[in-house]
Amino acid sequence: MKRARSIEDFVAEPVGRYQIGRTHLVWCHSPTLCGSIHWGRPSDADAAALVRRLELSVHPALAGGFDNIIDARAMESFDWPAFGVVSDYVRRRLMTLNRRLRKHAILVPPGLVGAIVAGLLPLLGPSYPIRLFATAEE
């Protein structure tokens, strides 16, 4: 995969590319497989940059449906406003995600942060299958 120069370039042409933020990396290997990796303590500014990158999900190349992998095992904590930014985004895009996401795997960190990460999507009521994992081996 190639690094996209900017968020706008990535969202315009996500397939085969990735884009890095301060506390996350969002990637799109193919029209059927995308994902993200998260670490550290994201702020609301980090979350705002993340949701701009997540707009790749509405790209026409992904309209046939894709699987998504989130690896959040390196998240240490997050600001509550950051959680709000991400949950508001998912709520706004849920109808599109319900049509496009085929399967969603989420690797969660241990402890309270993992419980909150694990609870975000199920609370919003997606219709696509979600599986939670503690290790990559699972």
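Just above, that's the structure.
Residues numbered from 1 in each chain as written. Predicted model: local features only at pLDDT ≥ 70, side-chain atom pairs only at ≥ 80, totals over all residues. Heavy atoms only, no water.

A.B. asks: Describe the nonpolar core, listing the residues and the values that go with them.
C.D. replies: Within the largest apolar cluster, 31 residues are counted, with the highest numbers of intra-cluster contacts made by Leu56, Val86, Val90 and Val117. Of all the elements in the fold, those that place two or more residues in this core are strand E3 (24-30), helix H2 (44-53), strand E5 (66-75), helix H3 (80-100), strand E6 (101-107) and helix H4 (111-124). The contact partners of valine 117, leaving out residues within four places of it in the chain, are Ala72, Met75, Ile106, Val108 and Pro109. (Core = buried A, V, L, I, M, F, W, Y, C linked by side-chain atoms within 4.5 Å. Buried < 20%, exposed > 50% of the residue type's maximum accessible area, 1.4 Å probe, protein only. Helix = DSSP H or I, 4+ residues; strand = E, 2+ residues; numbered from the N terminus. Contact = heavy atoms within 4.5 Å.)

A.B. asks: I'd like to hear about the packing of H2 against H3, residue by residue, with values.
C.D. replies: Two numbers describe how H2 lies on H3: the axes approach to 7 Å, and their chain directions differ by 20 degrees. One finds that H2 runs roughly parallel with respect to H3. Crossing of H2 against H3: the hand is right-handed. Across from Asp44, Ala47, Ala48, Leu50 and Val51 in H2, the residues of H3 making contact are Pro81, Ala82, Val85, Val86 and Tyr89. In terms of residue class, the contact of H2 with H3 is built from nine nonpolar, no polar and one charged. (Axes fitted to C-alpha atoms, helices over the stretch in contact; angles between N-to-C directions. Parallel < 35°, antiparallel > 145°, perpendicular 65-115°, else oblique. Left-handed = near helix turned anticlockwise from the far one by under 90°. Nonpolar A, V, L, I, M, F, W, Y, C, P; charged D, E, K, R; others polar.)

A.B. asks: Provide a residue-level description of the environment of glutamate 76, including the pertinent values.
C.D. replies: Within the fold, glutamate 76 resides in the loop between E5 and H3. For the pair glutamate 76 and leucine 94, spaced 18 residues apart in sequence, the C-alpha to C-alpha distance is 26 Å. Those residues in contact with glutamate 76 that sit more than four places away from it in its chain are Gly40, Arg41 and Val113. A distance of 2.9 Å separates the side chain of glutamate 76 from the side chain of arginine 41, its partner in a polar contact. (Polar contact = N/O pair within 3.5 Å; in protein donor to acceptor, adjacent residues only side chain to side chain.)

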